[in-house]
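# Chains, contacts and geometry: an overview
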Amino acid sequence: MFGMKIGQVAERAGVSVDTVRFYERRGVLPAPERMPSGYRTYAPATVERIRLARRLQALGLTLDEVIDALHATDSGDATCASERWRLEAVLERIDAKITELRAVRHEITKVMGACDRGECVFADDEIGA
């Protein structure tokens, strides 16, 4: 079977060679075949798998969650319905982070208001009170 070398995979997937190796070590990618010279050879589907992993990470899944989702897909157990919980968990994390950021934003506006009144609080213990 004709396979691609690691540099070709990296270029087509838009990642570095180190990323391909890292994904291989972490289990995102199956172990590639090796030529007699020791060079790794990858199936063309490897490029799409890397792209999918990157897309899932961009959606907020952790690398461990991506690996788990890919393994579920590999075993044939994954459907939109069975995997929806992963995206719901990401939304919950995002919502929690938004709540946290809103609280920090509120504190910043309080400090700015105090500054506007000439009450500099940068050296004061009342920040966040």
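Below or above, wherever it landed, is the structure these notes cover. Predicted model only: the values in this text are computed from it and were never measured.

Helix packing geometry: the angle between the two helix axes and the distance between the axes. Direction vectors running N to C along helix H1 (residues 6-13) and helix H3 (residues 45-58) enclose 45°, while the axes themselves pass 9 Å from each other. Of the possible angle classes, the one that applies to H1 and H3 is oblique. Of the two elements, H1 crosses H3, and the hand of that crossing is right-handed. Taken together, the residues of H3 that come into contact with H1 (itself represented by Val9, Arg12 and Ala13) are Thr46, Val47, Ile50 and Arg51. For the contact of H1 with H3, the per-class residue count stands at four nonpolar, one polar and two charged.

It is worth spelling out helix H5 (residues 80-116) at this point. For H5, with 37 residues, the first-to-last C-alpha span of 52 Å sits near the 54 Å given by 1.5 Å per residue. Within H5, the full set of buried residues consists of Glu83, Arg86, Val90, Val111, Gly113 and Ala114. Those residues of H5 that are buried lie in contact with helix H4 (63-74). Of the residues one or two after H5, Gly118 is the one with positive phi, at around 80°.

What counts and what doesn't
Per chain, residues are indexed from 1 in the order of the written sequence. Predicted model: local features are reported for residues with pLDDT of at least 70 only, side-chain atom pairs are reported and counted for 80 or more only, and whole-chain, interface and lining totals are derived from all residues. The side-chain figures draw on all heavy atoms in the structure; neither hydrogens nor water molecules are used. Between N-to-C directions, angles cover 0 to 180 degrees, with each direction set by a line fitted to C-alpha atoms, over the stretch in contact for helices. Secondary structure elements are taken from DSSP: a helix is a run of H or I of four residues or more, a strand is a run of E of two residues or more, and numbering for both begins at the N terminus. By the definition adopted for this analysis, an angle is roughly parallel if under 35 degrees, roughly antiparallel if over 145, roughly perpendicular if from 65 to 115, and oblique otherwise. By definition, turning the near helix anticlockwise from the far helix through less than a right angle yields a left-handed crossing, and turning it clockwise yields a right-handed one. Any two residues whose heavy atoms approach within 4.5 Å are treated as being in contact. Ten residue types, Ala, Val, Leu, Ile, Met, Phe, Trp, Tyr, Cys and Pro, are classed as nonpolar, four, Asp, Glu, Lys and Arg, as charged, and the remainder, Gly among them, as polar. To estimate how far a helix should reach, multiply one less than its number of residues by 1.5 Å. Summary of the burial criterion: residues with accessible area below 20% of their type's maximum are buried, those above 50% are exposed, and those between are partly exposed, where the area comes from a 1.4 Å probe applied to protein chains only.

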